[in-house]
Amino acid sequence: MGAPIIELADIAKTFESRAGATEALRAVSLTVQAGEFVSIIGPSGCGKSSLLRIVGDLVEPTSGVARVSGKSARQARLDRDYGIVFQTPVLYEWRTVLDNVQLPLELAGRARGEREQRSHALLRLVGLDEFAGHHPWQLSGGMQQRVSIARALALNPSILLMDEPFGALDEMTRERLNQELLQVCAETAATVLFVTHSIAEAVFLSTRIVVMSPRPGRIERVVTVDLPRPRVDETRALPRFFELVTEVRQSLREDPGVAADLRPGGAGSP
Amino acid sequence: MTIAPRVPFALRSLAILVAIAAIWEGAKALFALPSYQLPHLHEIALDFLREGAGGERWVWIMAQNAGYTALESLIGFALGGVTGLVLAVTFAQSRWLERGLLPYVVASQTVPILAIAPMVVVWLGTSWFSKAVIAAYLTFFPVTVNMSRGLRAVDPDALALMRALSASSRQIFFKLRFPASLPYLFTALRISATASVIGAIVGELPVGSRFGMGVVIVNAAQYYNWRPANLWAAILVSAVIGIVFYRAVAVVERRVVGWSRVVPAV
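Residues numbered from 1 in each chain as written. Chains lettered and ligands numbered in written order. Predicted model: local features only at pLDDT ≥ 70, side-chain atom pairs only at ≥ 80, totals over all residues.

**Digging into the overall build of chain A**
Now for step 1: Each helix and strand counted, chain A has eight helices and 10 strands in total.
Now for step 2: For chain A, whose C-alpha radius of gyration is 18 Å, the value lies close to the compact-globule estimate of 18 Å for 270 residues.
Now for step 3: By its C-alpha atoms, chain A is 55 × 45 × 40 Å across when sized along the principal axes.
Now for step 4: Burial statistics for chain A: of 270 residues in total, 47% are counted as buried.
Now for step 5: Considering only contacts in chain A between residues 6 or more positions apart, those separated by 24 or more positions represent 72%. (Helix = DSSP H or I, 4+ residues; strand = E, 2+ residues; numbered from the N terminus. Rg over C-alpha atoms; globule rule 2.2 N^0.38 Å. Buried ≥ 20, exposed ≤ 12 C-beta atoms within 10 Å, placed from the backbone. Contact = placed C-beta atoms within 7 Å.)

**Some words on the pairing of strand β9 (residues 208-212) of chain A**
Put simply, side chains in a regular strand alternate between the two faces of the sheet.
Residues and elements named next belong to chain A.
Now for step 1: Counting buried residues along β9, four of its five residues qualify, which places the element largely inside the surrounding structure.
Now for step 2: Both strand β3 (residues 37-41) and β9 contribute to a ladder of four bridges, which runs parallel. Bridging across to β9, S39 finds its partner in I209.
Now for step 3: In this sheet, strand β10 (residues 219-224) lies alongside β9 in antiparallel orientation, the contact comprising five bridges. Bridged to I209 within β10 is V223.
Now for step 4: Linking two consecutive strands that pair antiparallel, namely β9 and β10, is a turn of six residues. (Pairing = 2+ DSSP bridges.)

**Here's the deal with the sheet that holds strand β6 (residues 82-85) of chain A**
Residues and elements named next belong to chain A.
Now for step 1: Pairing within the open sheet is mixed, and its six strands lie in the order β6-β7-β8-β3-β9-β10. The open sheet has two edge strands, β6 and β10, and neither has a second partner. Each adjacent strand pair in this sheet contributes to an overall mean axis angle of 15°, direction not counted.
Now for step 2: Of the strands in this sheet, β3, β7 (159-163), β8 (191-196) and β9 are in contact with helix α1 (residues 48-55), which crosses β8 at around 155°. (Axes fitted to C-alpha atoms, helices over the stretch in contact; angles between N-to-C directions.)

**Comments concerning the interface of chain B and chain A**
Now for step 1: In this complex, chain B contributes 15 residues to the contact, which on the side of chain A involves 16 residues.
Now for step 2: Mapped by element, the contributors of at least two residues to the side of chain B that touches chain A are α7 (156-164) and α8 (169-204) of chain B.
Now for step 3: No other element matches α7(B), which puts six residues into the side of chain B that touches chain A.
Now for step 4: Its residues placed into classes, the side of chain B that touches chain A shows eight nonpolar, three polar and four charged. (Nonpolar A, V, L, I, M, F, W, Y, C, P; charged D, E, K, R; others polar.)

**Thoughts on the domain arrangement of chain A**
All names here are of chain A.
Now for step 1: Entries for chain A in the domain assignment read domain 1 (4-81 + 160-262) and domain 2 (90-156).
Now for step 2: On a C-alpha basis, the centroid separation for the pair domain 1 and domain 2 is 25 Å.
Now for step 3: Residue-level contacts link 11 residues of domain 1 with 12 residues of domain 2.
Now for step 4: The element that contributes the greatest number of residues to the side of domain 1 that touches domain 2 is helix α6 (residues 171-188), accounting for five residues.
Now for step 5: Across the side of domain 1 that touches domain 2, the residue classes break down as seven nonpolar, two polar and two charged. (Domains from an automatic or database assignment.)

**Topic: the environment of V218(B)**
Residue and element names in this part refer to chain B.
Now for step 1: Relative to the helices and strands, V218 resides in helix α9 (residues 213-222).
Now for step 2: C-beta crowding within 10 Å serves as the criterion here: with 18 such atoms nearby, V218 is assigned to the partly exposed category.
Now for step 3: A sequence separation of 14 residues divides V218 from E204, and the C-alpha atoms of the two residues are 9.1 Å apart.

**Some details on helix α4 (residues 112-125) of chain A**
All names here are of chain A.
Now for step 1: Taking 1.5 Å as the rise per residue, α4 with 14 residues should run 20 Å; its terminal C-alpha atoms sit 20 Å apart, in good agreement.
Now for step 2: R115, R118, S119, L122 and L123 are the residues of α4 that are buried. Seen end-on, α4 carries its buried residues on one side only, within an arc spanning 135°. Looking at α4, the residues exposed on the side facing more than 90 degrees away from the buried face are G113 and E114.
Now for step 3: In this structure, the buried side of α4 is in contact with α3 (97-107) and α5 (141-152).
Now for step 4: Phi for G127, located one or two positions after α4, is positive at around 70°. (Expected span 1.5 Å × (residues − 1). Arc of directions from axis to C-beta.)

**Structural notes on the sheet that holds strand β1 (residues 4-17) of chain A**
Adjacent strands of a sheet form backbone hydrogen bonds with each other and so pair up, either parallel or antiparallel.
All names here are of chain A.
Now for step 1: Read across the sheet, four strands follow the order β2-β1-β4-β5 without closing on themselves; strand pairing throughout is antiparallel. Two strands lie at the open edges of the sheet, namely β2 (20-33) and β5 (71-72), each paired on one side alone.
Now for step 2: The sheet contact formed by strand β4 (residues 63-68) and β5 spans two bridges and is antiparallel. Residue pairing across strands places V68 opposite K71, the latter belonging to β5.
Now for step 3: Where α1 meets the sheet, its contacts fall on β1, β2 and β4, and the angle it forms with β1 comes to roughly 120°.

**Observations regarding unusual backbone geometry**
Residues and elements named next belong to chain A.
Now for step 1: For the peptide bond that leads from R215 to P216, omega is -5°, which places it in the cis range.
Now for step 2: Position of P216 among the secondary structure elements: in the loop between β9 and β10.
Now for step 3: With an omega dihedral of -5°, the bond running from R229 to P230 counts as a cis peptide bond.
Now for step 4: Its place among the elements puts P230 in the loop between β10 and α8 (239-253).
Now for step 5: Not every positive phi belongs to a glycine, and D57 is a case in point at roughly 55°.
Now for step 6: Checked against the element boundaries, D57 lands in the loop between α1 and β4.

**As for the nonpolar core**
Residues and elements named next belong to chain A.
Now for step 1: Judged by nonpolar contacts, the single largest core of 84 residues is most densely connected at V55, L161, L193, I209 and V248.
Now for step 2: Broken down by element, the residue count for this core peaks at six residues, all from α3.
Now for step 3: Two domains each donate at least three residues to this core, and these are domain 1 (4-81 + 160-262) and domain 2 (90-156).
Now for step 4: When residues no more than four places from it in sequence are discounted, the contact partners of V248 are I41, I199, A202, V203, I209, V211 and V223. (Core = buried A, V, L, I, M, F, W, Y, C linked by C-beta atoms within 7 Å.)

**Points about the packing of α5(A) against α6(A)**
All names here are of chain A.
Now for step 1: Direction vectors running N to C along α5 and α6 enclose 20°, while the axes themselves pass 11 Å from each other. What the angle tells us is that α5 and α6 run roughly parallel. Of the two possible hands of crossing, α5 and α6 adopt the one that is right-handed. Contact with α5, carried on its side by G142, Q145, R146 and I149, involves T173, L177 and V184 of α6 and no other residues of that element.
Now for step 2: The class makeup of the residues in the contact of α5 with α6 is three nonpolar, three polar and one charged. (Parallel < 35°, antiparallel > 145°, perpendicular 65-115°, else oblique. Left-handed = near helix turned anticlockwise from the far one by under 90°.)

Structure, rendered in structure tokens:
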């Protein structure tokens, strides 16, 4: 593990609306080291997406400090230090697949030749180069999400923020994309912050799993995943895999009122 | 994705045309309508072949006036389209300006165009320009309303992506908001295409105008009791201009926003 690349200190977020205030996050502190794959898991509405968006400076925390790559989250965003993948592919439908992957390079003002070369390489990485000239709607949901991953990698970011990227896909596609994602991560050496509500997915992918409590979201527990690497299909059949799945499941069921720090292996332990 | 039609398009169109003709002539026979109420279809068709006062056949007279009206409409359509677009972009940039200006924009459309047209002609003269301005007056409103809606109706995650990529507001406009709202723009342009023709014709009605379908319609209405078919022929020609405009927009729409799944089939 390298130096800390994401540092969240005492993050709180309260959304104000006409209906009143909703406390989404309370006192969340988390440090992610470079090269880690950290999943955030928790019940719906626990603020896990908000937490990811705070790291990406897409949402401002009400209090607390988020530092990314040793800078403020805002500066990291302006420096395009991270790539992001949303639950839906968010492809621009007036652009071809290739042009969608090119978008970050275009916005960063890269030359056309470099853009196209890089985009083709990324499409090859996710196995979709033959669809470069297609429009997004001509692709299946899983393929679209792979395009969106390729786009997130366009500027070779050191961090990937992924907000339930495979949540809308069927189980088989999801497992295949999990596998592909790990290969992509190994090749790009990116640090990944991954929001999910699938326990199996979190265990399969992660080095650590952050389990969050129901709203207001706090870190309930951090589970270190000590499964061997590389993770392959057989990993899912290991007894340790099932133990970890059970451990995460139990953490999710535990009384959210109990302070996470009081439990062994709770928040704060890496 | 449409299922391939079993009957060719031309044949279907012909069948519909025959059906309309049958209903027309059927109604005329059934209710014993005299020609000043509803002329025979062949009377309308033959009117095009009749010689006018100047010795020219009506086909040619209609064609010239239709061309004149079409040109006015086209200029008005372009003028109104650009005006509507500028207003929509302004409104999308500033809620404050929208709140201030929108009531007047709406009010402009509640005033009957027939009341305004003579004034515009008095201000700007009886040339083609005043007619184009009246056409623009009817054109800009659908564009403003639809386009400002389109510019705002951008998927929040698509915007979040732009923000995550640290895009400038210029880039956000030209690479996201504008292309995303093109389907809205074309929906408005379809409406505007026919409205611009109506605007040009209404602009030709006031005294002093010398060319255009509006002039033909006014004259034909004066002599309606003698030759009712002439007014019907003028209406038919005006309708054809509108249809051609509408189809032209549809063709451009297919080319420009063919990527959109919401583009209607026609």
